[in-house]
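These are the residues of each chain, in order.
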Amino acid sequence: MKRIRRVTFGFWAILCLSFGLSLANASLSGDGGPETRSWRTAPRHSAGIAPDPAREADVAIVQVYSAATYGWRGLFAQHPWIIFKRSGKTAFTRYDVVGWRGSDVVQRNYALPDGLWYGAQPRLLVDHRGDGVDAMIDAIEAAIKSYPYAHTYRSYPGPNSNTFLAHIGRQVPALKLDLPANAIGKDYRPLADPAGLSPSGSGVQLSLLGLLGASVGVQEGIEINVLGLNFGLDLNSVGFRLPFIGRIGLDDTTVSHHP
């Protein structure tokens, strides 16, 4: 009985700590707090992270970003997207899933490549450049076309924007995509298909609608999911995977630049 109490206490302590850190982070950055302005007027300008595609015209590039969702939801969840350009091109193409744009939720060039997500500063998750990236883009475009929920959206537990990026990650393991623990929806799997590759494509996963499950992979480390709240240990770039805040530890951005 004492062991159960200790586990329960530890669970709630971790939840409170993670939520407190997320709240403090939102207060310092201005992301994810109570809405102080309309979403219509929230900043969506470039964050200045993406390289200039004209200057890098000869280089193929793939990047993945994630930012806190709008308003109070940003304390809990993230919105990710992917951008890419082939060698010889001078502009990026962006894909993400947006649930309020009609029946076709997969959107092409909905916003600037590295634009703030309704006021929230994006964080770079993946940055691949150079040799082999054109072939990676072929695989990414094939994964986008095969996304099984192109006309379905549910913010919780999914399918949503995180489900979309997780699908790409499974189909393109070379991307080495590690979505944060607070990317609610990344673990969504239908009841008819509860087991398979983890969202990075580098491990295995068992998940019931993204509400209960576990993942083990090179990129994800070890992660358990309870009602969409994810806890785990990242062994690739050492850190703790936590709900609300996402992660505490070493920088785990995947960077691969080949001439």
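Residues numbered from 1 in each chain as written. Predicted model: local features only at pLDDT ≥ 70, side-chain atom pairs only at ≥ 80, totals over all residues. Heavy atoms only, no water.

Caption draft 1: Structural detail: the packing of helix H2 (residues 133–145) against helix H3 (residues 161–171). Following both chains from N to C, one finds H2 and H3 inclined at 130 degrees, their axes separated by 9 Å at the closest point. Judged by the inter-axis angle, H2 sits oblique to H3. For the pair H2 and H3, the sense of crossing is right-handed. Contacts between H2 and H3 involve Ile140, Ala143 and Ile144 from the first element and Phe164, His167, Ile168 and Gln171 from the second. Residues that form the contact of H2 with H3 fall into these classes: five nonpolar, two polar and no charged. (Axes fitted to C-alpha atoms, helices over the stretch in contact; angles between N-to-C directions. Helix = DSSP H or I, 4+ residues; strand = E, 2+ residues; numbered from the N terminus. Parallel < 35°, antiparallel > 145°, perpendicular 65-115°, else oblique. Left-handed = near helix turned anticlockwise from the far one by under 90°. Contact = heavy atoms within 4.5 Å. Nonpolar A, V, L, I, M, F, W, Y, C, P; charged D, E, K, R; others polar.)

Caption draft 2: Inspection of empty space enclosed by the protein at higher detail. Under the counting rule described, the total for this entry stands at four cavities of 30 Å³ or more. Taken together, Pro157, Ala181, Ala183, Ile184, Gly185, Lys186, Asp187, Gly210, Asn225, Gly228 and Asn230 form the lining of the largest cavity. Taken together, the residues that form the lining of the largest cavity break down as four nonpolar, five polar and two charged. Size it by volume and the second largest cavity reaches roughly 40 Å³. Along its surface, the second largest cavity is lined by Asp187, Gln205, Leu206, Ser207, Gly213, Ala214, Ser215, Glu223, Asn225 and Asn230. (1 Å grid on protein atoms, 1.4 Å probe; cavity = no way out; pocket = protein on both sides within 12 Å on 5 of 7 lines; lining within 4 Å. Points joined across faces, edges and corners; volume = space filled by probe spheres on them.)

Just geometry here; none of it tells us what the structure is for.
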